[in-house]
Amino acid sequence: MSQNPVRIAPSILSADFSALGHEIEAVTEAGADWIHVDVMDGHFVPNLTIGPVVVKALRKHSKQPFDVHLMVTPVDALVPAFADAGADVISFHTEAGPHVHRTIQLIKSFGKKAGVVLNPSTPLSAIEYVLGDLDLVLVMSVNPGFGGQAFIDSQVRKIAALRKAIDALGKPIDLEVDGGINPHTARLCIDAGADVLVAGTAVFGGGSGGYAANIKALRG
């Protein structure tokens, strides 16, 4: 089981893009632990979102850690810009570059926490030999690229297996889950060992007056 209290990382992909600064302030005030930033390039995933200039502009709106999820390829060329923009955690997919270990070390060279992302079909063996170098593993419980998708139940087994592997190492590696998170699936993930939950629609749905209640509901 997870050794840490669950942290909630609202995904700004589901926020009002015409008022992102205000939205980040609102979820921070409502109790968000991290701010999750989904970066899509229209190539690695079939959608296009935001770049480092926007992240830099948003940085002043919250003191909470910025959890930047890079759904881009090639990934290495973009790491310096997002590090400079104010990312605290930078995560990338195993399929996004030829040298996973090298990318981890690149992220760490900027003083940032390094995470690797596992798509629903990506096996744990893809990170077996780099797990000890990571600060975070992000399990995708939907296919990356779009918000609002349904949770893929098979990922609960992957979360549980990762929890065992992390605990066996005895290192402070965060286990994050992203995709289809709501109060029901949040409980499945927490029970399996997750300690960070990314939620978009489940946090931002209903307007800013409900953000605090939405975040509380996800904590269980």
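Anyway, here's the lowdown on the structure attached to this text. (Residues numbered from 1 in each chain as written. Predicted model: local features only at pLDDT ≥ 70, side-chain atom pairs only at ≥ 80, totals over all residues. Heavy atoms only, no water.)

1. What about the overall build of the chain?
Working step 1: From N to C terminus, the chain includes eight helices and eight strands.
Working step 2: Across its three principal axes, the chain shows a C-alpha extent of roughly 45 × 35 × 30 Å.
Working step 3: Relative to its 220 residues, the chain shows a buried fraction of 51%.
Working step 4: Across the chain, the fraction of contacts at a sequence separation of at least 24, relative to all contacts at a separation of at least 6, is 65%.
Working step 5: Summed over all atoms, the accessible surface of the chain reaches about 9300 Å², with 56% contributed by carbon and sulfur.
Working step 6: Taken together, the 17 basic and 22 acidic charged side chains of the chain have centroids lying 5 Å from each other. (Helix = DSSP H or I, 4+ residues; strand = E, 2+ residues; numbered from the N terminus. Buried < 20%, exposed > 50% of the residue type's maximum accessible area, 1.4 Å probe, protein only. Contact = heavy atoms within 4.5 Å. Areas by Shrake-Rupley, 256 points an atom, 1.4 Å probe, with all protein chains shown as cover. Lys, Arg positive; Asp, Glu negative; His and termini not counted. Charge placed at Lys NZ, Arg CZ, Asp CG, Glu CD.)

2. Observations regarding the side chain of His-36
Working step 1: Summarising the element assignment, His-36 is placed in strand β2 (residues 35-40).
Working step 2: In terms of polar contacts, His-36 uses its side chain to reach the side chain of Asp-38, at 3.1 Å.
Working step 3: Not counting chain neighbours up to four residues away, the residues in contact with His-36 comprise Ala-9, Pro-10, Ser-11, Ile-12, Asp-67, His-69, Leu-138, Glu-176, Asp-178 and Val-198. (Polar contact = N/O pair within 3.5 Å; in protein donor to acceptor, adjacent residues only side chain to side chain.)

3. Quick word on the sheet that holds strand β8 (residues 196-199)
Working step 1: Sheet architecture is open: eight strands sit in the order β1-β8-β7-β6-β5-β4-β3-β2, paired in parallel fashion. Two strands bound the open sheet, and with one partner strand each, they are β1 (7-10) and β2. Averaged over all pairs of adjacent strands, the angle between their axes in this sheet comes to 25°, without regard to strand direction.
Working step 2: Contacts from helix α4 (residues 100-109) reach β4 (89-93) and β5 (113-118), with the element oriented near 145° to β5. (Pairing = 2+ DSSP bridges. Axes fitted to C-alpha atoms, helices over the stretch in contact; angles between N-to-C directions.)

4. With respect to the packing of aromatic side chains
Working step 1: Summed over all chains, the structure comprises one aromatic pair.
Working step 2: Residues Phe-204 and Tyr-211 carry aromatic rings whose centres are separated by 5.2 Å and whose planes lie at 80° to one another, so their mutual orientation is edge-to-face. Tyr-211 shares its class with Phe-204; the two are buried.
Working step 3: Taking NZ or CZ as reference, Arg-59 lies 3.8 Å from the ring centre of Phe-66, over its face. (Phe/Tyr/Trp six-rings, centres within 6.5 Å; stacked < 30°, edge-to-face > 60°. Lys NZ or Arg CZ within 6 Å of the ring centre and 35° of its normal.)

5. Some details on the layout of surface pockets
Working step 1: Put simply, the largest pocket is a space of about 280 Å³.
Working step 2: Looking at the largest pocket, it is lined by 24 residues, and the ones nearest its centre are Gly-147, Gly-148, Asp-178, Gly-179 and Gly-180.
Working step 3: Only β2, β8 and α7 (201-204) provide two or more residues apiece to the lining of the largest pocket.
Working step 4: Of the residues in the lining of the largest pocket, the class split is 11 nonpolar, 11 polar and two charged. (1 Å grid on protein atoms, 1.4 Å probe; cavity = no way out; pocket = protein on both sides within 12 Å on 5 of 7 lines; lining within 4 Å. Points joined across faces, edges and corners; volume = space filled by probe spheres on them. Nonpolar A, V, L, I, M, F, W, Y, C, P; charged D, E, K, R; others polar.)

6. Let's talk about the nonpolar core
Working step 1: Judged by nonpolar contacts, the single largest core of 61 residues is most densely connected at Ile-12, Val-37, Leu-70, Ile-127, Leu-162, Ile-181 and Leu-197.
Working step 2: Non-local contacts of Ile-127, meaning those with residues more than four positions away in its chain, are made with Thr-94, Val-116, Leu-118, Leu-134, Val-137 and Leu-162.
Working step 3: In this structure, Trp-34, Val-117, Met-140 and Val-142 belong to the second largest nonpolar core, which totals 10 residues. (Core = buried A, V, L, I, M, F, W, Y, C linked by side-chain atoms within 4.5 Å.)

7. Description of the packing of helix α6 (residues 183-192) against helix α8 (residues 211-219)
Working step 1: Packing of α6 against α8 leaves a shortest axis separation of 8 Å and a crossing angle of 40°. The angle between α6 and α8 places the two elements in the oblique class. The residues of α8 that touch α6, namely those facing Pro-183, Ala-186, Arg-187 and Ile-190, are Ala-217, Leu-218 and Arg-219.
Working step 2: Class assignment of the residues belonging to the contact of α6 with α8 gives a composition of five nonpolar, no polar and two charged. (Parallel < 35°, antiparallel > 145°, perpendicular 65-115°, else oblique.)

8. Section: the side chain of Lys-112
Working step 1: Take Lys-112: it is sitting in the loop between α4 and β5.
Working step 2: Comment: no salt bridge for buried Lys-112; closest opposite-charge side chain is Asp-88, at 5.2 Å.
Working step 3: Apart from the residues within four sequence positions on either side, Lys-112 is in contact with Ala-83, Ala-87, Asp-88, Ile-90, Ile-107 and Asp-135. (Salt bridge = Lys/Arg side-chain N within 4 Å of Asp/Glu carboxyl O.)

9. Regarding the pattern of salt bridges
Working step 1: Summed over the entire model, instances satisfying the criterion amount to nine salt bridges.
Working step 2: In this structure, Asp-84 engages Lys-56 in a salt bridge whose closest nitrogen and oxygen atoms are separated by 3.5 Å. A residue pair is termed long-range when its members are at least 10 positions apart, and Asp-84 in helix α3 (residues 79-85) and Lys-56 in helix α2 (residues 52-58) qualify at 28 residues.
Working step 3: Overall, the relative accessible area of 55% leaves Asp-84 in the exposed class.

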